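Examining the three-dimensional arrangement
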Amino acid sequence: MKKTNRKNEILSAAIEVFAEIGYYRATTAKVAERASISQPYIFKFFSSKEELLLNALQLSWERIIKSFRKTVEITSADKLEWELIEAYEEILRSYKSEILLQMQSQTIPDDSIRTEMQRGGFREVNSLVVDAFKEANIENSEERAFLFLARGMLCNVSMALDMPELLHKKRGDK
């Protein structure tokens, strides 16, 4: 258990450091300092800075996927889209650094990172949302899923730039 906690502490520190200064400027020494450990200790869990980033990305995508799956499981079809929006807004509030990490990772051309963003991230989230919308018999489900995901990207930009006026209005708002 202690080893798992240490690994999670390192991942949390890495997410913060990568989100704040970017992958290329980040060092394992900075991550170690943030985690209050020695730099060599990082390499007990991760063989390289790239592996550390890949694990951080996997964690960030798992949070979104888990949240969306739970929402899909407990939400009625007529409220599905709004509940998924609210679930994502909660992720933005609770895991801002993870979303910033994902945004930055979209621009990293390394094959392994690009693959993680594609396969482990966007494709799985896209499939989950499209399938949920189809299952809920939402009209034009693929187009609505596309718009939902595009709105999510706009939410990311809104959060990163501190421009809440870019966000959608909720039901009942004027």
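Note that the structure is predicted; figures quoted are calculated from it, not measured.

Attention now moves to the packing of helix 4 (residues 49-74) against helix 6 (residues 96-105). For the pair helix 4 and helix 6, the least separation of the axes is 10 Å and the interaxial angle reads 120 degrees. Between helix 4 and helix 6, the angle falls in the class oblique. The hand of the helix 4/helix 6 crossing is left-handed. The residues of helix 6 that touch helix 4, namely those facing Leu-53, Ala-56, Leu-57, Leu-59, Ser-60, Trp-61, Arg-63 and Ile-64, are Glu-98, Ile-99, Leu-101, Gln-102 and Ser-105. For the contact of helix 4 with helix 6, the class distribution of residues is eight nonpolar, three polar and two charged.

What follows is about the pattern of salt bridges. Taken as a whole, this structure holds 10 salt bridges when the rule is applied. Here Glu-98 makes a salt bridge to Arg-63, at a shortest N to O gap of 2.7 Å. Within this pair, whereas Glu-98 is found in helix 6, its partner Arg-63 is found in helix 4, the two being separated by 35 residues in sequence. Owing to a relative accessible area of 5%, Glu-98 belongs among the buried residues under this scheme. Glu-142 serves as the salt-bridge partner of Lys-134, at 3.0 Å between the closest nitrogen and oxygen. One salt-bridge network, held together by shared partners, links Glu-16, Glu-20 and Arg-34.

Running from amino to carboxyl end, helix 4 crosses helix 5 (residues 80-94) at an angle of 150 degrees, the nearest separation of the two axes being 10 Å. Between helix 4 and helix 5, the crossing angle belongs to the class labelled roughly antiparallel. Crossing hand, helix 4 versus helix 5: right-handed. Contacts between helix 4 and helix 5 involve Arg-63, Ile-64, Ser-67, Phe-68, Thr-71 and Val-72 on the former and, on the latter, Leu-80, Glu-83, Leu-84, Ala-87, Tyr-88 and Ile-91. Residues that form the contact of helix 4 with helix 5 fall into these classes: eight nonpolar, two polar and two charged.

Moving on, we come to the side chain of Thr-75. Relative to the assigned elements, Thr-75 resides in the loop between helix 4 and helix 5. We classify Thr-75 as buried; its relative accessible area is 18%. Contacts of Thr-75, omitting those with residues within four sequence positions, involve Leu-80 and Glu-83.

Time to look at the confidence of the model for the chain. On average, the chain scores 91 in pLDDT, and the residues at 70 or more come to 95%. Looking at the elements of the chain, mean pLDDT is at its lowest for helix 1 (residues 2-21), recorded as 91, and at its highest for helix 2 (residues 28-35), recorded as 96.

Moving on to helix 8 (residues 141-161). At 3.6 residues per turn, the α-helix brings residues three or four places apart onto the same side. Given a rise of 1.5 Å per residue, 21 residues ought to cover 30 Å, and the 30 Å separating the end C-alpha atoms of helix 8 matches this to within 8%. Listed as buried for helix 8 are Ser-141, Ala-145, Phe-148, Gly-152, Cys-155, Asn-156, Ser-158 and Met-159. Down the axis of helix 8, the buried side of the element spans an arc of 165 degrees, and every buried residue falls inside it. With respect to the buried face of helix 8, the exposed residues turned more than 90 degrees away are Phe-146 and Leu-161.

Parameters and conventions
Residues numbered from 1 in each chain as written. Predicted model: local features only at pLDDT ≥ 70, side-chain atom pairs only at ≥ 80, totals over all residues. Heavy atoms only, no water. Axes fitted to C-alpha atoms, helices over the stretch in contact; angles between N-to-C directions. Helix = DSSP H or I, 4+ residues; strand = E, 2+ residues; numbered from the N terminus. Parallel < 35°, antiparallel > 145°, perpendicular 65-115°, else oblique. Left-handed = near helix turned anticlockwise from the far one by under 90°. Contact = heavy atoms within 4.5 Å. Nonpolar A, V, L, I, M, F, W, Y, C, P; charged D, E, K, R; others polar. Salt bridge = Lys/Arg side-chain N within 4 Å of Asp/Glu carboxyl O. Buried < 20%, exposed > 50% of the residue type's maximum accessible area, 1.4 Å probe, protein only. pLDDT = per-residue confidence, 0-100. Expected span 1.5 Å × (residues − 1). Arc of directions from axis to C-beta.

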